[in-house]
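Each chain, written out:
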Amino acid sequence: MATRIDRAQVVVAALRLLNEVGLEGLTLRRIAKELDVQAPALYWHFKNKQELLDEMATEMFRRMDAALCAVDRSGWQVFMADAAHVLRDAVLGYRDGAKVFSGTRFRGTDYAGPVDGLMATLVEAGFPLPNAARAWFTVQCFTMGHVIEQQSVYPFPGGERDPYYDEAQRAQRLEGHPLTADAGQVFFSDLDAGFEAGLRAVIAGIEATLLPAPPALPAE
């Protein structure tokens, strides 16, 4: 008797396999083998790999829901920084997680509740809605870009550093280009510290450019 599967089973298997084979190696045929079904059974649920990636990204966001809802909302700067950390930690948990998450189209409307919460918190802090949307999108893009770079240095979650980024070898390759070599130390040596510094810069820029100044007090 043929094994019957649903969309959720396919997505769970795909996210599990992602850590093993990476985005490039993740194929519908490979997932079908993992689920012990024929590949055409998957095409009943997903027309192509992009549709599957869209659903995978949606599921990744669903799994962040509780953590996003628990973020400290006492001040918008802390709120945005904490939300960025939730996003970063979540995608770092998957090999190529940021590449899967970026540029995909969320399926359904499950994501709308957390996004409503993000927008409401920023609007309550004084951001007009268009500015609130731009602010969060900027933080999200910075976070995803940084994670993509981090996952090139550390391809496997919790794994070893890619030998290509060995500091001594890199310095040797760049002999005669000391500024580039030194800049690389900043880029790739402490990625956690780099994320924190960049996030502070992004949030400061948001405050300077997207948060309207409070209305002036009337003259006495």
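Residues numbered from 1 in each chain as written. Predicted model: local features only at pLDDT ≥ 70, side-chain atom pairs only at ≥ 80, totals over all residues. Heavy atoms only, no water.

Within an unreviewed UniProt entry, the label attached to the chain reads TetR family transcriptional regulator, and the organism entered is Streptomyces luteoverticillatus.

### Let's talk about the pattern of salt bridges
Evaluated as defined, the whole model comprises 11 salt bridges. A salt bridge links R7 to E55; the nearest nitrogen and oxygen atoms lie 2.9 Å apart. Taken together, the residues span a long stretch of sequence, with R7 in helix α1 (residues 7-25) and E55 in helix α4 (residues 49-69) at a distance of 48 residues. By relative accessible area, which is 29% here, R7 ends up partly exposed. A relative accessible area of 9% means that E55 is categorised as buried. Among the ionic pairs, K47 bridges to E51, the shortest N-O distance being 3.8 Å. Here K47 falls in the exposed class, since its relative accessible area comes to 62%. (Salt bridge = Lys/Arg side-chain N within 4 Å of Asp/Glu carboxyl O. Helix = DSSP H or I, 4+ residues; strand = E, 2+ residues; numbered from the N terminus. Buried < 20%, exposed > 50% of the residue type's maximum accessible area, 1.4 Å probe, protein only.)

### Some remarks on the UniProt feature "DNA-binding region" (unreviewed entry) in the chain
If you check UniProt for "DNA-binding region" (unreviewed entry), the listed places come out as residues 27-46 in our numbering. Secondary structure across residues 27-46 divides into 65% helix and 0% strand, with the first and last C-alpha atoms of the span separated by 12 Å. (UniProt positions renumbered as here; feature names shortened; annotations may be inferred.)

### What about the environment of S152?
Tracing the chain through its elements places S152 in helix α8 (residues 129-153). With 107 residues separating them along the chain, S152 and H45 place their C-alpha atoms 31 Å apart. In this structure, S152 is in contact with D162 and Y165, ignoring residues within four places of it in sequence. Only 3.2 Å separates the side chain of S152 from the side chain of Y165, close enough to count as a polar contact. (Contact = heavy atoms within 4.5 Å. Polar contact = N/O pair within 3.5 Å; in protein donor to acceptor, adjacent residues only side chain to side chain.)

### Concerning helix α10 (residues 178-188)
Listed in full, the buried residues belonging to α10 are A181, G184 and F188. For α10, the angular spread of buried residues about the axis comes to 55°, placing them on one side. Exposed residues lying more than 90 degrees from the buried face of α10 are P178, L179 and V186. (Arc of directions from axis to C-beta.)

### Focus on unusual backbone geometry
Its identity is not glycine, yet D36 carries a phi of approximately 60°, on the positive side. Its location among the elements puts D36 in the loop between α2 (28-35) and α3 (39-43). Given a relative accessible area of 62%, D36 falls into the exposed group.

### Focus on the packing of aromatic side chains
The final tally for this structure, using the stated rule, is 9 aromatic pairs. With 4.9 Å between their ring centres and 85° between their planes, W76 and F127 make a pair best called edge-to-face. Within this pair, whereas W76 is found in helix α5 (residues 76-92), its partner F127 is found in the loop between α7 (112-124) and α8, the two being separated by 51 residues in sequence. The class of W76 is buried, set by a relative accessible area of 9%. An aromatic cluster of at least three residues, connected via ring pairs, comprises F61, F101, F106 and Y111. Positioned above the aromatic ring of F195 is the side chain of R88, whose terminal nitrogen or guanidinium carbon lies 4.5 Å from the ring centre. (Phe/Tyr/Trp six-rings, centres within 6.5 Å; stacked < 30°, edge-to-face > 60°. Lys NZ or Arg CZ within 6 Å of the ring centre and 35° of its normal.)

### Some details on α7
Here α7 spans 18 Å end to end across 13 residues, near enough to the 18 Å set by a 1.5 Å rise per residue. For α7, the complete set of buried residues consists of P114, L118, M119, T121 and L122. Taken end-on, α7 shows its buried residues confined to a sector of 160°, consistent with a single buried face. What points out from α7, more than 90 degrees from its buried face, is the exposed set D116 and E124. On its buried face, α7 is in contact with α4, α5 and α8. At the C-terminal side of α7, G126 shows a positive phi close to 115°. (Expected span 1.5 Å × (residues − 1).)

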